[in-house]
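Topology and contacts: notes
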Amino acid sequence: MDFSGFEFSQNALNTFKTCPKKFGYKYEQGINWKKEDEEEYYKSLKYGVEFHLMCERYFSNIPVGNFSGDKKYEKFSKWLERVKNVVPIYKDREYLTEYGLSIKIDEESRLNVKYDLAIIYRESGVLCIDIWDWKTENRKINYNDLEKRMQTIVYMSVAYEIIPKIYGKNNEKVRVRMYYYQPEYYLEPIEIKYNEEKFKNDKNKINNLIKEIKKSDFKDKNLNSCKFCEFNMLCNQKNINDIAYEEY
Ligand code: SF4
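One structure accompanies this document, and this report is about it.

Section: the pattern of salt bridges
The full count for this structure, using the stated rule, is 16 salt bridges. Put simply, K75 and E184 hold a salt bridge, and the shortest N to O gap is 3.5 Å. Note that K75 is positioned in helix α4 (residues 74–86) and E184 in the loop between β5 (175–181) and β6 (190–193), a separation of 109 residues in sequence. Residue class for K75 comes out partly exposed when judged on its relative accessible area of 32%. Look at E184 and you get partly exposed, because its relative accessible area is 22%. E161 is the salt-bridge partner of K203, the closest N and O atoms lying 2.8 Å from each other. With K203 in helix α6 (residues 196–215) and E161 in helix α5 (residues 150–167), this pair connects stretches of sequence that are 42 residues apart. On the basis of relative accessible area, K203 is assigned to the partly exposed category, the value being 22%. Within the structure, one salt-bridge network assembled from shared partners comprises K75, K78 and E184.

Now the structure itself:
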């Protein structure tokens, strides 16, 4: 596969870890498989996008829109109130919604992230970034594995590396924290802290994974993932196991 100009993301890295064959389908062959008869699934995705948009408007200080009276959106007001409670707005902090960062990996490719919300500020002189991620799934998220998630690894390491270059002075370090917040189920967010040691580990993991991807012919299959993979019909002539897919 030609990687010139290729933009890696946590999704791409995660897809390769899940199954190299799947990475090949999606990113080498460009196949996007929409699951049929899954109106509910796509509705729920759209619902999530709309809530993210509402939060984006709130933190950008523009009207969020009026959802009262529309039964479909009755949860939004409650969710937004919870978000307001957990993320107070301070005048001396910068609130950046849908904030994208991109880091050069090598001569031909980059790694991109986009944060739902990034808050940049100084606390007792220390440069800080808080990364927020809204979760709107119907299923209550199990937070035990959050620290090991590819999203966490990529989001925190990129912030740790780049934010001091944009906002810092004289090679100072940044304090990075990541918060996952699922307003349907939780009053408080889950906080993940970061340090130099974690950053070095994460950076190695990311670089090694990208090297592995670049060497791969995308023929290896991870058969443990097939039952919730949208390419199950292509690989195994089998339909997706709906329950496993929903859990995935
Ligand atoms: S069906 Fe299985 S082998 Fe095929 S791409 Fe999906 S996870 Fe990989």
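Comments concerning the site of the ligand
The environment of the ligand is formed by 13 residues, the closest being C19, K221, C226, C229 and C235. Elements with a contribution of two residues or more to the shell around the ligand: α2 (20–28) and α7 (232–236). Considered class by class, the residues forming the shell around the ligand number six nonpolar, four polar and three charged.

Description of the pairing of strand β2 (residues 94–104)
For a regular strand, the rule is simple: side chains alternate between the two faces of the sheet. By the bridge criterion, 10 bridges tie β2 to strand β3 (residues 110–123) in an arrangement that is antiparallel. Bridging from a neighbouring strand, T97 pairs with L117 of β3. Turn length for the β2-β3 hairpin, with the two strands adjacent in sequence and antiparallel, is five residues.

Observations concerning the nonpolar core
If you look at the biggest cluster of nonpolar residues, it comprises 67 residues, and the most contacted ones within it are L13, V87, Y115 and W134. In terms of residues, this core owes the most to one element, α5, which gives 10 residues. Non-local contacts of Y115, meaning those with residues more than four positions away in its chain, are made with T97, E98, Y99, L101, I131, Y155, V158 and A159.

What counts and what doesn't
- Residues numbered from 1 in each chain as written.
- Predicted model: local features only at pLDDT ≥ 70, side-chain atom pairs only at ≥ 80, totals over all residues.
- Heavy atoms only, no water.
- Salt bridge = Lys/Arg side-chain N within 4 Å of Asp/Glu carboxyl O.
- Helix = DSSP H or I, 4+ residues; strand = E, 2+ residues; numbered from the N terminus.
- Buried < 20%, exposed > 50% of the residue type's maximum accessible area, 1.4 Å probe, protein only.
- Near = heavy atom within 4 Å.
- Nonpolar A, V, L, I, M, F, W, Y, C, P; charged D, E, K, R; others polar.
- Pairing = 2+ DSSP bridges.
- Core = buried A, V, L, I, M, F, W, Y, C linked by side-chain atoms within 4.5 Å.
- Contact = heavy atoms within 4.5 Å.

Treat this as a map of the structure, not an account of what it does.
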